[in-house]
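Residue-level listing of the chains:
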Amino acid sequence: MAENVVRYAHLVNIFLIYQMNNNRSVSLKQRAYERIKQKIVSLELAPGSVIDETALQAELGLGRTPIREALQRLALEKLVMIVPRRGMFVADIGMMDLQRLFEVRVVLESMAARLAAQRGTQEHWQHMAAVLSSLPEPLEIIDNQALIAVDQACHEIIYEAVDNEFLKDTLITMYALSLRLWYFALAKIGDMRGAVLEHVAILEALQAGNADQAVCLLEQHIKHFQEEIQTAMLGVPLRPIS
Ligand SMILES: [Zn+2]
């Protein structure tokens, strides 16, 4: 058990250092954006609920402007819905969104895999290996938060390796929307360790510069996630995933 705690602390450290390196200067607007996004993605702010700007200002200790700007950015990213004369709401979650989101994500993640295999450096892959090595042994209990942290860190390292800001920004937006669905299905979803461990084979392909293999594995990985989430949300996959 103690060993698990040490491993988990190590994993969280890797992730925090990774995030710190990516957020060198964080403006108030950025801080508001990140905190509210985290609350929406983790369902702390429930889908469909009214957004109370005053409560957010008090809770986050931030002024009206950064909160308002953050919410507008989140509306563009489809996590917030602005309804004229009615206010702002946390975007709802629908099955159709899941289908539409994953049909885009599977294409863009595959594209990222190809470019990352061509452009990624050994530094990227060593970093990803370090993240993956922090996962506990097969029979040990693992916290869902730790699995999410590993999955997110692996994808973000790939997005960095792609070296294309346009693709990276889109993928980060898509990832947040998928992560919210993962949280949404969390109570009903099975152990996702197998799905997260698929990153080990993805890493091998990327490190070897084998773009075709990396694309194939990443495509399977995204479809696997879609299937797990759909099954958890509906009991059965919505329609066969081709
Ligand atoms: Zn993943």
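Here the structure is a predicted model, which means the values were calculated and not measured.

> Hey, could you run me through the pairing of strand E1 (residues 80-83) in this one?
Successive side chains on a regular strand alternate, one facing one side of the sheet and the next facing the other. Where E1 meets strand E2 (residues 87-90), four bridges bridge the pair, whose relative direction is antiparallel. Each residue of the ladder has a partner; that of Val-80, found in E2, is Val-90. Between the end of E1 and the start of E2, which pair antiparallel, lie three residues, with Arg-85 showing a positive phi angle near 65°.

> How should the environment of Ile-51 be read in this particular structure?
By secondary structure assignment, the location of Ile-51 is in the loop between helix H2 (28-41) and helix H3 (53-60). C-beta crowding within 10 Å serves as the criterion here: with 20 such atoms nearby, Ile-51 is assigned to the buried category. Setting aside residues up to four positions removed in sequence, Ile-51 forms contacts with Leu-71, Val-80, Met-88, Phe-89 and Val-90.

> Where do I start with the packing of helix H6 (residues 122-133) against helix H7 (residues 144-162) in this structure?
A pair of packed helices can be characterised by two numbers: the angle between their axes and the separation between those axes. Taken N-terminus to C-terminus, the directions of H6 and H7 make an angle of 175°; their axes are 10 Å apart at the nearest point. Of the possible angle classes, the one that applies to H6 and H7 is roughly antiparallel. Of the residues in H7, those touching H6 at His-124, His-127, Met-128, Val-131 and Leu-132 are Val-150, Ala-153, Cys-154, Ile-157, Glu-160 and Ala-161. Of the residues in the contact of H6 with H7, the class split is eight nonpolar, two polar and one charged.

> Could you clarify how one ought to interpret the nonpolar core in this entry?
Across soluble globular proteins, nonpolar side chains have a tendency to be buried as a group. Counting 40 residues, the largest nonpolar core has Ala-112, Ala-113, Ala-116, Ile-158 and Ala-214 as its most contacted members. Mapped onto this core, the elements with two or more residues apiece are helix H5 (95-119), H6, H7, helix H8 (165-185), helix H9 (193-207) and helix H10 (211-234). With residues near it in sequence (within four places) discarded, Ala-113 still touches Ile-158, Ala-214, Val-215 and Leu-218. Membership of the second largest hydrophobic core comes to 15 residues, among which are Tyr-33, Val-41, Ile-67 and Ala-70.

The rules behind these values
- Residues numbered from 1 in each chain as written.
- Predicted model: local features only at pLDDT ≥ 70, side-chain atom pairs only at ≥ 80, totals over all residues.
- Pairing = 2+ DSSP bridges.
- Helix = DSSP H or I, 4+ residues; strand = E, 2+ residues; numbered from the N terminus.
- Buried ≥ 20, exposed ≤ 12 C-beta atoms within 10 Å, placed from the backbone.
- Contact = placed C-beta atoms within 7 Å.
- Axes fitted to C-alpha atoms, helices over the stretch in contact; angles between N-to-C directions.
- Parallel < 35°, antiparallel > 145°, perpendicular 65-115°, else oblique.
- Nonpolar A, V, L, I, M, F, W, Y, C, P; charged D, E, K, R; others polar.
- Core = buried A, V, L, I, M, F, W, Y, C linked by C-beta atoms within 7 Å.

Functional significance is not addressed by these values, which are geometric in nature.
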